[in-house]
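Now for the letters of each chain:
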Amino acid sequence: MNNELLSAPKRVRFVELSVKALRALADGDLAGGSAEAGVALDEYFVSDRARGIFGYRADQLTGDPSVAPWIVRAAVSEPDGAVVGDAGFHGPPDGAGMVEVGYSVVPGYRRQGYARAMLAALLVRAAAESGVRTVRATIRSDNNASLATIAGFGFTRVGELGHERDGLEIVFEVPADALQAE
């Protein structure tokens, strides 16, 4: 493969995943989820991890449709159109103006810059919203790839959480006004 292609900065666009798409994926229906999303999703979108998250997000969206602009979307590589992962916020800004980012890269596209491209796009979105004051990222202490991904984006370690399923998680935050200054 051409080394120039590997070193070029990646670009992504986000495709909304409707309640119907999320429910299909949570049920393991890749074809139905892809049809609803309008893009060919990867098998990763019906993995155990994804099915749990997409079911939760479908419930969240059903309970409050106003969260739609904030929650998980498919990440599509530009200009080739490959679905390389999913990304979004855990929900709209809370009362203190905090949003939390989440992102995941399809295994075949990892270590190519797509996580950084997704995170950069999420941070641009957060900085453009007047109600956002802080962006948070919570990362398992052993997730070296995600820890490396947030490096260089201005995040500061602000705490730790003990999580029954995931173990120790490190909490990072960056002020939205710091993002606007960059």
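Since the model is a prediction, treat every value here as computed from it, not as a measurement.

## A word on the confidence of the model for the chain
So, point 1. In this model, the chain carries an average pLDDT of 91, and 94% of its residues clear a pLDDT of 70 or more.
So, point 2. Taken as a whole, residues 1–5 scores under 50 in pLDDT and shows two contacts with residues more than four places along the chain or in a different chain.

## A short note on the nonpolar core
So, point 1. Membership of the largest hydrophobic core comes to 32 residues, with the highest contact counts inside it found for Val101, Tyr103, Met118, Leu119, Val135, Ile150 and Phe155.
So, point 2. The leading source of residues in this core is helix H5 (residues 114–128), at nine residues.
So, point 3. Apart from residues no more than four positions distant in its own chain, Phe155 is found in contact with Leu119, Leu123, Val135, Arg136, Ala137, Ile150, Phe172, Glu173 and Val174.
So, point 4. Listed in part, the 24 residues of the second largest apolar core include Leu25, Leu30, Ala50 and Leu61.

## So, unusual backbone geometry
Negative phi values dominate among residues other than glycine, just as trans dominates among peptide bonds.
So, point 1. Between Glu78 and the following residue, Pro79, the backbone shows a cis peptide bond with an omega angle of 10°.
So, point 2. By the element assignment, Pro79 lies in the loop between strand E2 (73–78) and strand E3 (83–89).
So, point 3. A positive phi angle is found at Arg111, which is not glycine, with a value near 65°.

## Looking at helix H3 (residues 30–37)
So, point 1. Inspection of H3 places Leu30, Gly32, Gly33, Ser34 and Ala37 among the buried residues, and these make up the whole buried set.
So, point 2. In this structure, the buried residues of H3 make contact with strand E1 (11–16) and helix H2 (19–26).
So, point 3. N-cap assignment for H3: the residue whose side-chain oxygen lies 3.5 Å from the backbone N of Ala31 is Asp29.
So, point 4. One or two steps after H3, the chain reaches Gly38, where phi turns positive at roughly 80°.

## Some details on the pattern of salt bridges
If the charged atoms of two oppositely charged side chains come close together, the side chains can form a pair.
So, point 1. The full count for this structure, using the stated rule, is nine salt bridges.
So, point 2. In this structure, Arg157 engages Glu160 in a salt bridge whose closest nitrogen and oxygen atoms are separated by 2.3 Å.
So, point 3. Judged by its relative accessible area of 46%, Arg157 falls in the partly exposed class.
So, point 4. Taking the relative accessible area as the measure of exposure, Glu160 reaches 47% and is therefore partly exposed.

## Considerations on the packing of H2 against H3
So, point 1. Where H2 contacts H3, the axes come no closer than 7 Å and their chain directions differ by 165°. When the axes of H2 and H3 are compared, the pair comes out roughly antiparallel. Relative to H3, the crossing made by H2 is left-handed. Note on element contacts: H3 touches H2 through Leu30, Gly32, Gly33, Glu36 and Ala37, opposite Lys20, Ala21, Ala24 and Leu25.

## Things to note about helix H4 (residues 48–63)
So, point 1. With 16 residues, H4 should reach 22 Å at 1.5 Å per residue; the first-to-last C-alpha distance of 23 Å fits that figure.
So, point 2. Along H4, the positions that sit buried rather than exposed are Ala50, Phe54, Gly55, Arg57, Ala58, Gln60 and Leu61.
So, point 3. Contacts made by the buried residues of H4 are with H2 and E3.

Calculation notes
- Residues numbered from 1 in each chain as written.
- Predicted model: local features only at pLDDT ≥ 70, side-chain atom pairs only at ≥ 80, totals over all residues.
- Heavy atoms only, no water.
- pLDDT = per-residue confidence, 0-100.
- Contact = heavy atoms within 4.5 Å.
- Core = buried A, V, L, I, M, F, W, Y, C linked by side-chain atoms within 4.5 Å.
- Buried < 20%, exposed > 50% of the residue type's maximum accessible area, 1.4 Å probe, protein only.
- Helix = DSSP H or I, 4+ residues; strand = E, 2+ residues; numbered from the N terminus.
- Polar contact = N/O pair within 3.5 Å; in protein donor to acceptor, adjacent residues only side chain to side chain.
- Salt bridge = Lys/Arg side-chain N within 4 Å of Asp/Glu carboxyl O.
- Axes fitted to C-alpha atoms, helices over the stretch in contact; angles between N-to-C directions.
- Parallel < 35°, antiparallel > 145°, perpendicular 65-115°, else oblique.
- Left-handed = near helix turned anticlockwise from the far one by under 90°.
- Expected span 1.5 Å × (residues − 1).

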